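Summary of the model geometry
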Amino acid sequence: MSAKLHFLSSSWLLLFFLCYVKSQDPLPNTTGYTCSANQTTYPCQAYAFYRASAPDLVNLASAPDLLDLASIADLFSVSRLMISKPSNISSPSSPLIPNQPLFVPLTCSCNTLNASNVISFANLSYTIKSGDTFYLVSTQLYRNLTTYQSVEIVNPTLVPTKLEPGDVVQFPIFCKCPNETQLQNQVKYLVSYVLQPSDNLSSIASTFGTETQAIIDVNGNNSQPFETIFVPVTRLPQLTQPDVAPSKSPGNTERKGVVTGLAIGLAICGILLVLTSGLLIYSEVILKKRRQREFDDAEKQKQQFDKGGKGFKNMEVNLMADVSDCLDKYKLFKIEELREATNGFSEDCLIQGSVYKGFIDGEIYAIKTMKWNACEELKILQKVNHGNLVKLEGFCIDPEDTNCYLIYEYIENGSLHSWLHENSNKKLNWKTRLRIAIDVANGLQYIHEHTRPRVVHKDIKSSNILLDSNMRAKIANFGLAKSGCNAITMHIVGTQGYIAPEYLADGVVSTKMDVFSFGVVLLELISGKEVIDEEGRVLWTSAGGILEGNNEERKVRRMKEWMDEVFLQDTCSMESVMSVMAIAIACVQRDPSKRPSMVDIAYALCKSDDLFFDVSEDGLATPELNAR
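Residues numbered from 1 in each chain as written. Predicted model: local features only at pLDDT ≥ 70, side-chain atom pairs only at ≥ 80, totals over all residues. Heavy atoms only, no water.

1. Some points on the overall build of the protein
Short version of the rule: The helix and strand labels rest on DSSP assignments: H or I over at least four residues marks a helix, E over at least two residues marks a strand, and numbering proceeds from the N terminus. Note on classification: 1.4 Å probe, protein chains only; a residue is buried when its accessible area is under 20% of the maximum for its type, exposed when over 50%, partly exposed between these limits. It only takes one pair of heavy atoms within 4.5 Å for two residues to be counted as in contact. For accessible areas, the Shrake-Rupley method is used with a probe of radius 1.4 Å. Any residue's cover is judged against the shown protein chains and nothing else.
Broken down by element type, the protein carries 20 helices and 20 strands. For the protein, the proportion of its 628 residues judged to be buried stands at 46%. Looking at the protein alone, contacts between residues at least 24 apart form 68% of all its contacts between residues at least 6 apart. Summed over its atoms, the accessible surface of the protein is roughly 32800 Å², and 53% of this surface lies on carbon and sulfur atoms.

Okay, here's the thing in structure tokens:
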């Protein structure tokens, strides 16, 4: 009996010991990494080490296949070139294989969520799809670079169990900026790396070309699998990428079969081509008749409307048909709600132009008044979804006063124009202006590269760039936007000083006209000057000679005389300012073919602290901007 009691007591002691030891194991960090709100190194350029992979389609049915750079670039709101360059991938269109290593650029910020949460992360927007949860998106799409617990903290108003398709969620991607001591020790980046079960610190140090102790100094020695650690590097290592080549034909038999198959296929295609041509000609005749009928109907409706008839009812029906695809994506507001929200559209609620500030169900919105033909803007807005574009929340059609109302998210800090030219008390420092430029570049490269057909904004200017509570930029006002490029129009619209010469002269609509306007905005950011001075001189025409010549001292002197005097009191790098100036000059080249694309511009701006640009007659003579 005593032996049995001794065995039981020993078992309890062993169980207690095991539980005690287990309780001493460090718990993985799930809520984020703290930072100091007054740390001067924030915000900064950072990178995440990301492994390409196809998500578990059983659990995440609507997830994209993350084995191509375009999908990964969309997920992180960057361009393909911004990933392919640091990842040592020769072509942005190259296919990827599972677990292929990538360096994804991040903009790391110190974010104050509340009194007890000051967390360092890159804030990315993600639109919830069917089947998504905080956990699945964090683990399978973002590959554990964040956690569902941190997502809940950053999105306190969202209920994780009640997510609906279309909800926009902020996913905090864990990152850190080097502190002053680390910068003095030549640490340029702290790369976010998710620890794998098979990893050890010495192998990670070898991969990144750093010391094991340096990783321990930053993270401690108790990191757990699937926890994010930060690897200090003086420069990004060159990743070894696999060769992804098309498979070769194994022998002559297959080749002969392919040739025979091609011959048969071409014969069939010839027959089909004849039939198709006949059908196209017939369809074209029918289409012309239909267009003529539609034109005649539109003229009749216009005449009825002009005569005070009831033609608007027909217009309303047509508009509802045009925007029917939007009805499940945006909220349809009632005109009574908008009138109550704006005190009957009083001047006290007027923000600018025809945009009013309104409160609906405790939320603040920007309400834009338009005439009934708002369907083109709605069609474009339903195609785009990016963190650097102002989000459309809903719309309203009022049959009584022939108006359509677009309801947008409200952006707290107003326009960039007001900060540069109207706010005399607070001036933006260089880091903030550079961050704004990168945000706008990312938004433009998204609408230029990730929409089909491509969208041209046509009215990029500082008053159409809005700044949120974190001074992050969003592009607004798609009222003049056009879906489709390389068109000719005789109806010239836009704002003097921002309009591209080829559009003003010949009405040529292309993405390069947005590039030109963006270059003018860059010149505004650098100089702090209006685009047209009191004597009617245009800003961009005076910028070309600033960086001319080979005398570096003379260039710097001219640059200091031309740039905003606020920078002279700032600790900004003159090399960085001159790099951005060179980008701006390239953007405002008279010949649109010599202007860089927004993909190249976005990448170059992110690297502006590292590169020096030379200006020539051919635009920007730098591999980063001329590589295609």
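2. A look at the packing of helix α16 (residues 511-527) against helix α18 (residues 574-587)
How two helices pack is summed up by the angle between their axes together with the distance between the axes. Under the convention used in this document: Lines fitted to C-alpha atoms define the axes here, with helix axes fitted over just the stretch in contact, and angles between the N-to-C directions of these axes take values from 0 to 180 degrees. Our angle categories are set so that under 35 degrees counts as roughly parallel, over 145 as roughly antiparallel, 65 to 115 as roughly perpendicular, and the remainder as oblique. Here a crossing is called left-handed whenever its near helix is offset anticlockwise from the far helix by less than a right angle, and right-handed whenever the offset is clockwise. Residue type decides the class: Asp, Glu, Lys and Arg count as charged, Ala, Val, Leu, Ile, Met, Phe, Trp, Tyr, Cys and Pro as nonpolar, and the leftover types, Gly among them, as polar.
It is the contact of α16 with α18, at a shortest axis distance of 8 Å, that shows an interaxial angle of 150°. Taken together, the axis directions place α16 and α18 in an arrangement best described as roughly antiparallel. Once α16 is placed against α18, the crossing between them reads as left-handed. The residues of α18 that touch α16, namely those facing V515, F516, F518, G519, L522, L523 and I526, are V577, V580, M581, I583, A584 and C587. Of the residues in the contact of α16 with α18, the class split is twelve nonpolar, one polar and no charged.

3. Some remarks on helix α4 (residues 134-141)
The buried count for α4 comes to seven of eight residues, which makes it a mostly enclosed element. Regarding α4, the residues found buried are F134, L136, V137, S138, T139, Q140 and L141. Its buried side turned inward, α4 meets β1 (44-51), α2 (69-75), β3 (117-127), α5 (148-154) and β4 (168-174). R143 sits one or two positions beyond α4 and adopts a positive phi of about 55°.

4. Looking at empty space enclosed by the protein
The cut-off we apply is this: For cavity detection a 1 Å grid was placed over the protein atoms alone, and a set of points counts as a cavity when a 1.4 Å probe fits there but cannot get out; an open set counts as a pocket when protein lies on both sides within 12 Å along at least five of seven lines, with lining residues being those that have an atom within 4 Å of a point. Grid points are joined across faces, edges and corners, and a volume is the space filled by probe spheres set on the points.
For the structure on display, the rule yields one cavity of 30 Å³ or more. Of the voids in this model, the largest cavity is the one considered here, and its volume is about 50 Å³. Looking at the largest cavity, the residues that line it are K458, D459, I460, V493, G494, T495, Y498, I499, A500, Y503, M513 and S517. In terms of residue class, the lining of the largest cavity is built from seven nonpolar, three polar and two charged.

5. Brief notes about the layout of surface pockets
Size it by volume and the second largest pocket reaches roughly 700 Å³. Surrounding the second largest pocket, 27 residues form its lining, Q352, V355, S463, N464 and N477 being those nearest its centre. Here the residues of the lining of the second largest pocket are counted per class, giving ten nonpolar, eleven polar and six charged.

6. Here's the deal with the packing of helix α14 (residues 430-449) against α16
Running from N to C, α14 and α16 cross one another at 175°; their axes reach a closest spacing of 11 Å. As the angle between them shows, α14 and α16 are arranged roughly antiparallel. In contact with W430, R433, A437, V440, A441, L444, I447 and H448 of α14, α16 contributes T511, D514, F518, L522, E524, L525 and I526. A per-class count over the contact of α14 with α16 returns ten nonpolar, two polar and three charged.

7. Regarding the packing of aromatic side chains
Within a pair of aromatic rings, the relevant descriptors are the distance that separates the centres and the angle that separates the planes. Which entries qualify depends on this criterion: Geometry of aromatic contacts follows a simple scheme: Phe, Tyr and Trp rings, the Trp one being its six-membered ring, pair when their centres are within 6.5 Å, and the pair is stacked under 30 degrees between planes, edge-to-face over 60, tilted otherwise.
A complete count under the given rule lists 19 aromatic pairs for this structure. Their ring planes at 85° and their centres at 5.1 Å tell us that Y47 and Y189 sit as a pair that is edge-to-face. In this pair, Y47 is assigned in strand β1 and Y189 in strand β5 (residues 189-194), connecting sequence segments 142 residues apart. By the burial criterion, Y47 is buried, and Y189 matches it. Clustering of aromatic rings is evident, with ring pairs tying together Y50, F76, Y126, F134, Y142 and F171.

8. Quick notes on the pairing of strand β12 (residues 403-409)
Strand residues, when the strand is regular, have side chains that alternate between the two faces of the sheet. Threshold: Two strands are counted as paired when DSSP detects at least two bridges linking them.
Within β12, seven of the seven residues are buried, leaving the element largely enclosed by the surrounding structure. With six bridges joining them, strand β11 (residues 392-398) and β12 adopt antiparallel strand pairing. Paired with L392 across the bridge in β12 is Y408.

9. Things to note about the state of the cysteines
Spelled out, the test is: A pair of cysteine sulfur atoms is labelled a disulfide when the two atoms are within 2.5 Å.
Here the structure, examined in full by the defined rule, presents three disulfides. A sulfur-sulfur separation of 2.0 Å characterises the disulfide bridge that pairs C35 with C110. Handedness here is read from the sign of the S-S torsion; for C35 and C110, about 100°, the answer is right-handed. Taken together, the positions of C35 in the loop between α1 (2-24) and β1 and C110 in strand β2 (residues 101-114) put the pair 75 residues apart, joining distant regions of the chain. Across this residue pair, the class does not change: C35 and C110 are buried.

10. Side note on the nonpolar core
What counts here: Only buried residues count toward a nonpolar core, which is a set of Ala, Val, Leu, Ile, Met, Phe, Trp, Tyr and Cys residues joined through side-chain atoms within 4.5 Å.
Among the nonpolar cores identified, the biggest contains 128 residues, and I72, F76, F518, M559, M581 and L605 are the most heavily contacted of them. Dropping the residues within four chain positions of it, L605 is found in contact with L434, A437, I438, A441, F518, V580 and I583. Core analysis: the next-biggest nonpolar cluster, separate from the first, contains 17 residues, F103, V191, A205 and L239 among them.

11. Some points on the pattern of salt bridges
Which entries qualify depends on this criterion: Here, a salt bridge means any side-chain nitrogen of Lys or Arg that lies within 4 Å of a carboxyl oxygen of Asp or Glu.
Counting across every chain of the model gives 14 salt bridges. Note that K461 is salt-bridged to D459, the shortest N-O span being 3.9 Å. The exposure class of K461 is buried, given its relative accessible area of 16%. R595 is the salt-bridge partner of E502, the closest N and O atoms lying 2.8 Å from each other. Within this pair, whereas E502 is found in helix α15 (residues 501-506), its partner R595 is found in the loop between α18 and α19 (598-606), the two being separated by 93 residues in sequence. Across the pair, R595 and E502 agree in class, each one buried. By sharing partners, the salt bridges in this structure join R435, D439 and R472 into a single network.

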